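# Coordinates in review
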Amino acid sequence: ELYDRLLKNLYLRAQGRWTLTEKQALWRSVSASQTLEKVPHWEHNAENENSIRPDIVVKRPSEVIYLQGKGKVIVDGPEDIVHFLLQALERITDPDDVAVDPRWDSTRLQ
């Protein structure tokens with residue numbers, strides 16, 4: 001039963017939608033997947049280790065970004081979802097730990 005609950009939770013938190021532009025594709029998990037409560041209790045956030053009810057912790061969203069110009073896929077989110085998303089991407093991408101260097105416009109920094 002615990003395994004089934006964990007799998008259902010993972011499934012719910014891995015739901016999202018794509019937003020596409022010419023230069024990038026962004027997948028973001030839906031906000032409803034951050035907590036199972038209808039009204040979130042913000043004092044029970046993911047960083048609060050002393051949460052009275054750990055079952056209603058508000059999880060941060062997950063994101064997958066594809067940057068066409070760099071040919072990079074960036075995955076961010078809670079560790080368990082990132083692991084799940086990386087497994088899904090494993091078949092269609094090659095591992096790469098080379099940093100994505102930002103391009104700074106020094107005139108805008110002043």
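Now for a description of the structure that goes with this document. All values reported here derive from a predicted model rather than from experimental measurement.

Criteria and cut-off values
Residues numbered from 1 in each chain as written. Predicted model: local features only at pLDDT ≥ 70, side-chain atom pairs only at ≥ 80, totals over all residues. Heavy atoms only, no water. Salt bridge = Lys/Arg side-chain N within 4 Å of Asp/Glu carboxyl O. Helix = DSSP H or I, 4+ residues; strand = E, 2+ residues; numbered from the N terminus. Buried < 20%, exposed > 50% of the residue type's maximum accessible area, 1.4 Å probe, protein only. Pairing = 2+ DSSP bridges. Core = buried A, V, L, I, M, F, W, Y, C linked by side-chain atoms within 4.5 Å. Contact = heavy atoms within 4.5 Å.

## Digging into the pattern of salt bridges
Between side chains of opposite charge, a pair can form when the charged atoms approach closely. Summed over all chains, the structure comprises 1 salt bridge. For the salt bridge of Arg28 with Glu63, the shortest nitrogen-to-oxygen distance reads 2.7 Å. Here Arg28, found in strand β2 (residues 24-29), pairs with Glu63, found in strand β3 (residues 63-67); they are 35 residues apart in sequence, far enough to count as distant. Overall, Arg28 belongs to the partly exposed group, its relative accessible area being 41%.

## Some thoughts on the environment of Gly69
Checked against the element boundaries, Gly69 lands in the loop between β3 and β4 (72-76). Gly69 sits in the exposed class, given a relative accessible area of 77%. Taking C-alpha positions, Gly69 is 8.2 Å from Gln24, a pair spaced 45 residues apart along the chain.

## Observations regarding the pairing of β2
As paired strands, strand β1 (residues 16-20) and β2 are joined by 5 bridges and run antiparallel to one another. Across the sheet, the residue bridging to Trp18 is Trp27, located in β2. The loop that links β1 with its antiparallel partner β2 comprises 3 residues. Looking at chain direction, β2 and β3 are connected through 5 bridges and run antiparallel.

## Some words on the nonpolar core
Listed in full, the 8 residues of the largest apolar core are Leu10, Trp27, Val64, Val75, Ile81, Val82, Leu85 and Leu89. Per-element accounting of this core gives the leading share, 4 residues, to helix α2 (residues 79-89). Leaving out residues up to four positions away in the same chain, Val75 has contacts with Glu63, Val64, Val82, Leu85, Leu86 and Leu89.

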